[in-house]
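So the chains spell out like this:
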Amino acid sequence: ASPAWSPDGGRIVLRGTRAGQTDLYLIELPGGVMRPLTSDVADEADPAWFPDGRRIVFARQPARIPATAYERRDGGEVLVRCEAAEPVSSSAGREGYDLATLEIASGAVQALVSTPGDERSPSVSPDGRQIVFASDARGTFDLYRYVLDGGALHRCSDVAGGVFDPHLGRDG
């Protein structure tokens, strides 16, 4: 479910699936009131909070849209054909996860990082200025660092076995 506790400990963001659709949800504590943060056909995963608690960064994979045809009969719609799902490419022109941010108060989603690879497991620096994540942009998952001010992207590792699930500690 990829739960992520807010910096103040009063909220949790997690990945959940309802009716076959995967979205991000916010749980307010105490009380456990849950509300959706996203409600779309894209697949969202790996949420991580910014230190100010006002937004999150997460991995997002564009939707697969089924090729469906309907035929009207007797005033209602009847499904007559449903073919294999067609992938919708990311902003980098391929299938895979990209990174995006979401403002908790407004729900506004903004694309952040999109490479030819698959971006996963973002972690925000304690000062909120950088994000580290795993990406297979060069074929094997490596550690990358993205600087928010200016958008510089740096590969930080080059290992044969790959790097997965990075996490920045309180001292960065």
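These figures come from a predicted structure and were not determined experimentally.

Reading guide: rules and limits
- Residues numbered from 1 in each chain as written.
- Predicted model: local features only at pLDDT ≥ 70, side-chain atom pairs only at ≥ 80, totals over all residues.
- Heavy atoms only, no water.
- Pairing = 2+ DSSP bridges.
- Helix = DSSP H or I, 4+ residues; strand = E, 2+ residues; numbered from the N terminus.
- Axes fitted to C-alpha atoms, helices over the stretch in contact; angles between N-to-C directions.
- Buried < 20%, exposed > 50% of the residue type's maximum accessible area, 1.4 Å probe, protein only.
- Contact = heavy atoms within 4.5 Å.
- Phe/Tyr/Trp six-rings, centres within 6.5 Å; stacked < 30°, edge-to-face > 60°.
- Lys NZ or Arg CZ within 6 Å of the ring centre and 35° of its normal.
- Salt bridge = Lys/Arg side-chain N within 4 Å of Asp/Glu carboxyl O.

### Structural notes on the sheet that holds strand β10 (residues 109–113)
Sheet strands pair by backbone hydrogen bonding; their relative direction is either parallel or antiparallel.
Phase 1 of the analysis: Pairing within the open sheet is antiparallel, and its four strands lie in the order β5-β6-β9-β10. In the strand order of this sheet, the two ends are held by β5 (43–49) and β10, each with one partner. Between one strand axis and the next, the sheet turns by 35° as a mean value, whatever way the strands run.
Phase 2 of the analysis: As judged from the six bridges shared by strand β6 (residues 55–61) and strand β9 (residues 98–103), these two strands associate in the antiparallel manner.

### Considerations on the environment of H154
Phase 1 of the analysis: Mapping H154 onto the fold places it in strand β14 (residues 153–155).
Phase 2 of the analysis: What makes H154 partly exposed here is its relative accessible area of 31%.
Phase 3 of the analysis: Taking the C-alpha atoms as reference points, H154 and L143, 11 residues apart in sequence, are found 8.7 Å from one another.
Phase 4 of the analysis: Apart from residues lying up to four places away in sequence, H154 is in contact with L143, Y144, R145 and V147.

### Some details on unusual backbone geometry
Phase 1 of the analysis: With an omega of -10°, the peptide bond between L29 and P30 qualifies as cis.
Phase 2 of the analysis: Considering the arrangement of structural elements, one finds P30 in the loop between β3 (21–28) and β4 (33–36).
Phase 3 of the analysis: Notably, A19 is not glycine yet its phi reads approximately 50°, a positive angle.
Phase 4 of the analysis: Residue placement: A19 occurs in the loop between β2 (11–18) and β3.

### Topic: the sheet that holds β3
Phase 1 of the analysis: Read from one edge to the other, the open sheet built from four strands follows the order β1-β2-β3-β4, with strand pairing classed as antiparallel. Each edge of the open sheet carries a strand with a single partner, namely β1 (4–5) and β4.
Phase 2 of the analysis: Bridge count for β2 against β3 is eight bridges, and the pairing is antiparallel. Looking across to β3, one finds that G16 is bridged to D23.

### Brief notes about the packing of aromatic side chains
Phase 1 of the analysis: All chains considered together, the criterion is met by two aromatic pairs.
Phase 2 of the analysis: Geometrically, the ring pair formed by F133 and Y144 is stacked, given 5.8 Å between the ring centres and 15° between the ring planes. Residue F133 is found in strand β12 (residues 130–135), and its partner Y144 is found in strand β13 (residues 142–147); the two are separated by 11 residues along the sequence. Per residue, the accessibility class of F133 equals that of Y144, and both read buried.
Phase 3 of the analysis: A ring pair is formed by F141 and F164, whose centres lie 5.5 Å apart and whose planes are at 45°; its orientation type is tilted. One end of the pair, F141, is in the loop between β12 and β13; the other, F164, is in the segment after β14, and 23 residues separate them in sequence.
Phase 4 of the analysis: When its relative accessible area of 18% is taken as the criterion, F141 is described as buried.
Phase 5 of the analysis: Across the ring face of F50, the terminal group of R55 is positioned such that the distance to the ring centre comes to 3.9 Å.
Phase 6 of the analysis: Against the face of Y97 rests R120, its NZ or CZ located 3.7 Å from the ring centre.

### As for the pattern of salt bridges
Phase 1 of the analysis: On inspection of all chains with the given rule, the structure shows six salt bridges.
Phase 2 of the analysis: Residue D52 is joined to R54 by a salt bridge in which the shortest nitrogen-to-oxygen separation is 3.8 Å.
Phase 3 of the analysis: You can call R54 exposed: its relative accessible area is 57%.
Phase 4 of the analysis: In this structure, the salt-bridge partner of D118 is R120, at a minimum N-O distance of 3.7 Å.
Phase 5 of the analysis: Residue R120 is classed as partly exposed on the basis of its relative accessible area, which comes to 27%.
Phase 6 of the analysis: Overlapping salt bridges bring together D40, E44 and R60 as one network.

Purely spatial values, then, with no claim about function.
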